[in-house]
Amino acid sequence: MKTTLAVALFATGGLWAQTQDANRSIPVPAPRPYVKMTAHDRLNNYLKGLVSPVSFLRTGAGAGWGQLRDRPSQWGEGGQGYAKRFASGYAQHIVTATIMYGTSSALHEDDRYLRLGPGPSTKSRVRYALESSVLARHEDGTRHIAIAKLIAVGAGAAISRAWQPHDSRTKMGAVASFGVTMGVSSGFDVLREFLPDLLHRK
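None of these values were measured; they are calculated from a predicted model.

Draft legend 1. Representation of the environment of threonine 38 within the structure. With respect to the element layout, threonine 38 can be found in the loop between α1 (2-25) and α2 (39-50). A residue is classified by how much of its surface remains accessible, and threonine 38, at 39% relative accessible area, is partly exposed. Measuring from C-alpha to C-alpha, the distance between threonine 38 and serine 105 comes to 9.9 Å, with 67 residues separating the pair along the chain. Here aspartate 41 takes part through its side chain, which lies 3.0 Å from a polar atom of the side chain of threonine 38.

Now the structure itself:
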């Protein structure tokens, strides 16, 4: 547990530092002329996100990571253990998405992932995708720290302790869950950036 927590915190902290450094020295490339998100767009994005293929894949990846580490151990292994971890992860996803919908609306943040697309170097696109996990666009199109997302992911991790086994209902358990969620989000943003190119080539 301590090792997993350390890795999660190190990865999140490193990404934060990299983002801050990138914001100071290198202009953020724009994937396309930015169009401000409307209230209808935000609601539609929220509702679709609750049952999108990406949400199922993210939840499955998180459940698989928990299965690999046997966390929580009380849920056991095999199909039944995986089903419990998936159900827990999906419930946490719904809580997080709902809180993010409310907070991003109040703060006027756009947390959608907008691809950079072909043209820039692979390194630039990877960095852009990783930064997108902790950055959100404001109504003028500029990107800043995604306060709504960080609040929502943190709250989702904390609230999910309510249905976890007793040993997992700790602050450290919530912090570890936060790190795993942010890590999975980073991985899927990179996938979103490059997968359309690979599918187009095939």
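Draft legend 2. Just the pattern of salt bridges, in detail. Applying the stated criterion across every chain, the model contains eight salt bridges. Between arginine 125 and aspartate 197 there is a salt bridge, and its shortest N-O distance comes to 2.7 Å. Remark: aspartate 197 occurs in helix α7 (residues 171-201) and arginine 125 occurs in helix α5 (residues 122-131); sequence separation between them is 72 residues. The pair formed by arginine 125 and aspartate 197 is uniform in burial state, with each residue classed as buried. Of the charged contacts, one joins arginine 143 and glutamate 131 as a salt bridge, the two residues approaching to 3.4 Å between their closest N and O atoms. With arginine 143 in strand β2 (residues 143-145) and glutamate 131 in helix α5, the pair connects residues that are twelve residues apart, well separated along the chain. Residue classification places glutamate 131 among the buried residues on the basis of a relative accessible area of 3%. Shared partners join several salt bridges into a network, and the residues in it are Arg115, Arg125, Glu193 and Asp197.

Draft legend 3. Structural detail: the packing of helix α3 (residues 53-69) against α7. The N-to-C vectors of α3 and α7 enclose an angle of 130°; their axes lie 10 Å apart at closest approach. Between α3 and α7, the angle falls in the class oblique. Relative to α7, the crossing made by α3 is right-handed. Contacts between α3 and α7 pair Val54, Leu57, Arg58, Ala61 and Trp65 from the former with Val180, Val184, Ser185, Phe188, Asp189 and Arg192 from the latter. When the residues that make up the contact of α3 with α7 are grouped by side-chain class, the tally is seven nonpolar, one polar and three charged.

Criteria and thresholds
- Residues numbered from 1 in each chain as written.
- Predicted model: local features only at pLDDT ≥ 70, side-chain atom pairs only at ≥ 80, totals over all residues.
- Heavy atoms only, no water.
- Helix = DSSP H or I, 4+ residues; strand = E, 2+ residues; numbered from the N terminus.
- Buried < 20%, exposed > 50% of the residue type's maximum accessible area, 1.4 Å probe, protein only.
- Polar contact = N/O pair within 3.5 Å; in protein donor to acceptor, adjacent residues only side chain to side chain.
- Salt bridge = Lys/Arg side-chain N within 4 Å of Asp/Glu carboxyl O.
- Axes fitted to C-alpha atoms, helices over the stretch in contact; angles between N-to-C directions.
- Parallel < 35°, antiparallel > 145°, perpendicular 65-115°, else oblique.
- Left-handed = near helix turned anticlockwise from the far one by under 90°.
- Contact = heavy atoms within 4.5 Å.
- Nonpolar A, V, L, I, M, F, W, Y, C, P; charged D, E, K, R; others polar.

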